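# Coordinate inspection notes
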Protein chains: 2
Amino acid sequence: MQTSTRDRIVVAAARLLQRQGYVGTGVKQIAQEARATLGSVYHFFPGGKEAVAVAAIEHSGREFAALLATALDSRPDPAEAVDACARLLAEELRASGWIDGCPVTAAALETLGTDSEIQRACAAALHDWERLVADKLLRGGFPADTAGELATTVISTLEGAEVTAQVRRAEEPLLAAGRQLARLLRSYEIAPAEAR
Amino acid sequence: MQTSTRDRIVVAAARLLQRQGYVGTGVKQIAQEARATLGSVYHFFPGGKEAVAVAAIEHSGREFAALLATALDSRPDPAEAVDACARLLAEELRASGWIDGCPVTAAALETLGTDSEIQRACAAALHDWERLVADKLLRGGFPADTAGELATTVISTLEGAEVTAQVRRAEEPLLAAGRQLARLLRSYEIAPAEAR
DNA sequence: CGGTCTCTAAAACGAACGCTCTATCCAGAG
DNA sequence: CTCTGGATAGAGCGTTCGTTTTAGAGACCG
């Protein structure tokens, strides 16, 4: 077999969670989409649905982090790099028919009241992404304190713009967010040669 | 009876939708929370669960619009006004124990694949909020085209920052977003006296 | 070959889901 | 008073949920 059953379950769960959220996704549906059986799911994930979701979110988190890192490294200037991220997100979102948004937002919002492991996984993914942006800003010469606050805002804005773009079924919100974020970063007027 | 049964159903549904999303909220739970019975719910909303959700989202949309308008009008300067919005959201979010976030995001994300009336209601609410911000910017002297793009970005950023704040259980993301949005608006250096 | 272990397969459980249905209540019109 | 129609009440429909359970398939070691 090409890919292991366990991996197929994680990948299928990740996509379904991204599209329908945690409550909206059934275990049987995950098994079917992964071309596995219910028994296999509970064999690999004795923790049940929640354990599958945690693994799926961690998978999505790593996947998105890799995409983010690629986009950020595509331009040396942080402002241009952030704008490139927004444009890449817009492109992928439209290609998916506006349904493949942020892989953790939907699951995170649904499980806020219930102190589950899912929240912890979502928070970890978010923190990971912010760290990638903060590193880019630091390498671009931003001071440490403003880099942290800016990274938080960049991720928040991209997150919100993605949701807005999905609801509106248009790329505009993401493109606008990219342009405005780039303008915001440039307003700090960091000397580009200051990179360590 | 003080408040009508119908109103109690809408209000209860709005709060439950905000906290648990559409799929996570049951019709029986709505009835119980509203101190109504299942029969009453289906009497006032023959369209079933979806009809209740649409009414609840429209209610939440109007409620949030009023809150937004108040915060925006509290300061004459658009930059300060947007920052005030972020601080108000942070305060309310913390007061609710980080569970009462944006009233439409959760429901919107869950129903993206299904072309239901719920999406339309969410999109209408978002558009309404953006219009409020855009009006404020226009009154502050911003040119029409940049006011529109900025309003979209402001709402997106607040939306994303609210989600981040909920997941992190901290006000920081919202406060940072407010500060950075204010800085972004000030970067346009609009003459404050230009307001008509 | 027998024995063992991982993995797959599917039936079945109680609980909860959205919704329909009938019965009852009760204010106001005649 | 009776009659009527909006509002309330809740039992029960079929379905799906997450999970458990039992049985079998296939590979590996002695």
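Cut-off values and rules
- Residues numbered from 1 in each chain as written.
- Chains lettered and ligands numbered in written order.
- Predicted model: local features only at pLDDT ≥ 70, side-chain atom pairs only at ≥ 80, totals over all residues.
- Heavy atoms only, no water.
- UniProt positions renumbered as here; feature names shortened; annotations may be inferred.
- Helix = DSSP H or I, 4+ residues; strand = E, 2+ residues; numbered from the N terminus.
- Least-squares fit on C-alpha atoms with pLDDT ≥ 70 in both.
- Contact = heavy atoms within 4.5 Å.
- Buried area = accessible area lost by both parts, 1.4 Å probe.
- Salt bridge = Lys/Arg side-chain N within 4 Å of Asp/Glu carboxyl O.
- Polar contact = N/O pair within 3.5 Å; in protein donor to acceptor, adjacent residues only side chain to side chain.
- Nonpolar A, V, L, I, M, F, W, Y, C, P; charged D, E, K, R; others polar.
- Disulfide = S-S within 2.5 Å.
- Buried < 20%, exposed > 50% of the residue type's maximum accessible area, 1.4 Å probe, protein only.
- Expected span 1.5 Å × (residues − 1).

Following the UniProt record, the feature "domain: HTH tetR-type" (unreviewed entry) maps to residues 3-63 of chain A here. Helix makes up 74% of residues 3-63 of chain A and strand 0%, with an end-to-end C-alpha separation of 17 Å.

Superposition of chain A onto chain B requires a rotation of 180° combined with a translation of 0.0 Å along the rotation axis, giving an RMSD of 0.0 Å. On this basis, the relationship between the two copies can be described by a two-fold rotation axis. The share of interface residues of chain A whose copies in chain B are also at the interface is 100%, consistent with both copies meeting through the same surface.

Across the contact, 42 residues belong to chain A and 42 residues belong to chain B. Regarding the contact of chain A and chain B, the summed buried area is about 3,600 Å², with carbon and sulfur atoms giving 59% of it. On the chain A side of the interface with chain B, the three residues burying the most area are A:Leu109, A:Val167 and A:Gln180, jointly 17% of the side's total. Counting across the chain A and chain B interface gives 4 salt bridges. Ionic pairing is found between A:Glu149 and B:Arg179, a salt bridge with its closest N-O pair at 2.9 Å. Our count for the contact surface shared by chain A and chain B stands at 13 residue pairs in polar contact (both at pLDDT 80 or more). Among the elements of the structure, α1 (5-20), α6 (105-110), α7 (117-139), α8 (144-168) and α9 (172-186) of chain A are those that each provide at least two residues to the side of chain A that touches chain B. Per element, the largest residue contribution to the side of chain A that touches chain B is 14 residues, and it comes from α8(A). Split into classes, the residues belonging to the side of chain A that touches chain B amount to 19 nonpolar, 14 polar and 9 charged.

What is meant by a disulfide is a covalent connection between two cysteines, made through their sulfur atoms. Residues and elements named next belong to chain A. Counted under the stated rule, the structure contains 0 disulfides over all chains. Of all cysteine sulfurs in the structure, the one in Cys102 sits closest to Cys122, which takes part in no disulfide; the separation is 8.2 Å. Classification of Cys122 by relative accessible area gives buried; the value is 0%.

Note: most residues except glycine have negative phi, and most peptide bonds are trans. Residues and elements named next belong to chain A. Its identity as a non-glycine residue notwithstanding, Arg35 has a phi of 55°, on the positive side. Its relative accessible area of 66% is what places Arg35 among the exposed residues. A positive phi is found at Trp98, a non-glycine position, where the angle reads about 70°. Locating Trp98 in the fold gives a position in the loop between α5 (78-95) and α6. The buried category is assigned to Trp98, whose relative accessible area is 13%.

Residues and elements named next belong to chain A. For α5, with 18 residues, the first-to-last C-alpha span of 26 Å sits near the 26 Å given by 1.5 Å per residue. Turning to α5, its buried residues are Pro78, Ala79, Ala81, Val82, Asp83, Ala84, Cys85, Ala86, Leu89, Ala90 and Leu93. Packing partners of the buried residues in α5 comprise α4 (49-73), α7, α8 and α9. Once α5 finishes, Gly97 follows within two positions and takes phi at roughly 75°, a positive value.

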